[in-house]
Amino acid sequence: MSNIFTSDKLKITLEKTGSTVYAKMSFPVHCGIYNEIETPDFIFHFNLNGEIFRAKGKGRDWAHPHEWLKRTQGNDWIYYSTGGYTGVFEATGEYYLPNFQYPTNSILGGHPFAQQEIRHICESWHQILQELLDHTLGWPDKFSSFLRDAIANSPEVLEQKAHRLQEIVGGRISVLPPDARHVDYNFIPLTISRGCLYKCTFCKVKNGTVFTEKTRPEIARQIEQLKQHWGQDLVNYNSLFLGEHDALQTNADVILLSIETAYKELGFAKSYIADNSTFLFGSVTSFLNAPECFFRQLNTFPGMTYINIGLESADQETLDRIGKPITERQVEESFARSQDINDRYASIEITANFIMDDKLPENHYRKILELIREKLPHVKPKGSIYFSPLTFNQPSRSRLFEFNRLKIMSRLPAYLYIIQRL
Ligand code: SF4
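Cut-offs used in this document
Residues numbered from 1 in each chain as written. Predicted model: local features only at pLDDT ≥ 70, side-chain atom pairs only at ≥ 80, totals over all residues. Heavy atoms only, no water. Core = buried A, V, L, I, M, F, W, Y, C linked by side-chain atoms within 4.5 Å. Buried < 20%, exposed > 50% of the residue type's maximum accessible area, 1.4 Å probe, protein only. Domains from an automatic or database assignment. Contact = heavy atoms within 4.5 Å. Pairing = 2+ DSSP bridges. Helix = DSSP H or I, 4+ residues; strand = E, 2+ residues; numbered from the N terminus. Axes fitted to C-alpha atoms, helices over the stretch in contact; angles between N-to-C directions.

Considering the nonpolar core
Line of reasoning, step 1. In this structure, Ile188, Leu190, Leu240, Leu242, Phe295, Ile372 and Phe387 are the most contacted members of the largest nonpolar core, which totals 96 residues.
Line of reasoning, step 2. Of the residues that make up this core, three or more belong to each of domain 1 (4–156) and domain 2 (170–416).
Line of reasoning, step 3. In contact with Leu190, not counting residues within four places along its chain, are Ile219, Gln222, Ile223, Leu226, Leu240, Phe241, Leu242, Gly243, Ser258 and Ala262.
Line of reasoning, step 4. Within the second largest apolar cluster, 29 residues are counted, among which are Ala55, Cys122, Ile128 and Leu132.

Here it is, written out as structure tokens:
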């Protein structure tokens, strides 16, 4: 029986097969298996649990035919804009700029959610679906039952599911690693430890939790709950985020066991999407303390592991001013170790964050350039450097100019870190 149903009001395609790889293209490439409803005015995508997760308008008022809305597992709507393609790819490493409805540190983009046609989809998609119900007489069962399932996943139900996810992983995930852009932040989050070591004064995403490891039974139970929560749509996932803010500080054996167990129990080997990825944050302390045998074993795991370390600055005056209780010597050692690991382990990429702001000590940028330019004999394709603006909700031309200067000088790939939550 065909998976396509067409009437004068709409076209429904069930189990539409998208790309199996996350590709960086200047036109939208949608991954995974999903269901689609297309009306004269809109296109809606639903995951295999019948939950809306993507939408766009088709009318003349829609800003650009390549732009779209995505709903995350945390029930946030994100608007992906082309930014006119001017510098978005150079700045972020991606062709589309995510725009959020909550405060972030992005220095690019405008206010798409102020636009009527974008707000209309976020606020009215459910009502639009309900109106389609009046026309289901004579539809084959599987199409009308799909529409009823999609309607049953109302905005209230989706909000409850987002809360359930927070209950499972121990709270809202306030920040995601920048490297997760490689899979458009589509991963399963598994909290193996909570909190962080430093509680830096500048940081807007920390919580009050002292660093605490989860026990092995707690992690096993969480994996089982995540499996239930993701349900039918698990087949569209093959990446893992180990939370929370310093997962690398967790006992090395627990990290390795968590990855192995999650990959097995969540069935990543059978995923529709190719190429596994694991993402986690580390700190200077956890990174310098991690034993060599940990990286050796991690390198044998399927896919890539991306570990993002918050270095913030290589200048002591700046570190002191932002309240980060580490030394510039430790930052230099961490940077040197990151280069060594990136050179020797093909399946591991250590990436680093540095802060950006208008009012930092003079030596801040000079010392970063010593690391990412002067200490490196040649250009390297691996080991991205992310620059993270300190201020939220303040697009800034001067900071973009500063970033472009650093990017040109850097011998490592350099991008802006736009903070997003789950
Ligand atoms: S920057 Fe990292 S280590 Fe510092 S407070 Fe924030 S989450 Fe914790």
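Picking up after the structure, the text goes on.
With respect to the sheet that holds strand β6 (residues 68–71)
Line of reasoning, step 1. Taken together, the 8 strands give an open sheet; going across it, the order is β1-β2-β3-β4-β5-β6-β7-β8, and neighbouring strands pair in antiparallel fashion. The open sheet has two edge strands with one neighbour each: β1 (4–6) and β8 (97–99). With strand direction ignored, the average angle separating the axes of adjacent strands in the sheet is 20°.
Line of reasoning, step 2. Each of β3 (33–38), β4 (42–46), β5 (52–57), β6 and β7 (77–81) is contacted by helix α2 (residues 116–132), which is oriented at about 80° to β4, the strand it contacts most.
Line of reasoning, step 3. On the sheet, helix α3 (residues 141–152) packs against β1, β2 (11–17), β3 and β4 and is oriented at approximately 85° with respect to β2.

Some thoughts on the sheet that holds strand β15 (residues 348–356)
Line of reasoning, step 1. Spatial strand order, β9-β12-β13-β14-β15-β16-β17: 7 strands in an open sheet with parallel pairing. Edge strands, defined here as strands with exactly one partner in the open sheet, are β9 (188–191) and β17 (414–416). Between one strand axis and the next, the sheet turns by 25° as a mean value, whatever way the strands run.
Line of reasoning, step 2. Both strand β14 (residues 304–312) and β15 contribute to a ladder of 7 bridges, which runs parallel. By the bridge assignment, Glu312 is partnered in β15 with Phe354.
Line of reasoning, step 3. Its contacts with the sheet put helix α6 (residues 252–265) on β9, β12 (239–243) and β13 (277–282), and the angle it makes with β12 is roughly 145°.
Line of reasoning, step 4. Seen against the sheet, helix α12 (residues 397–409) touches β15, β16 (385–389) and β17 and runs at an angle of roughly 165° to β17.

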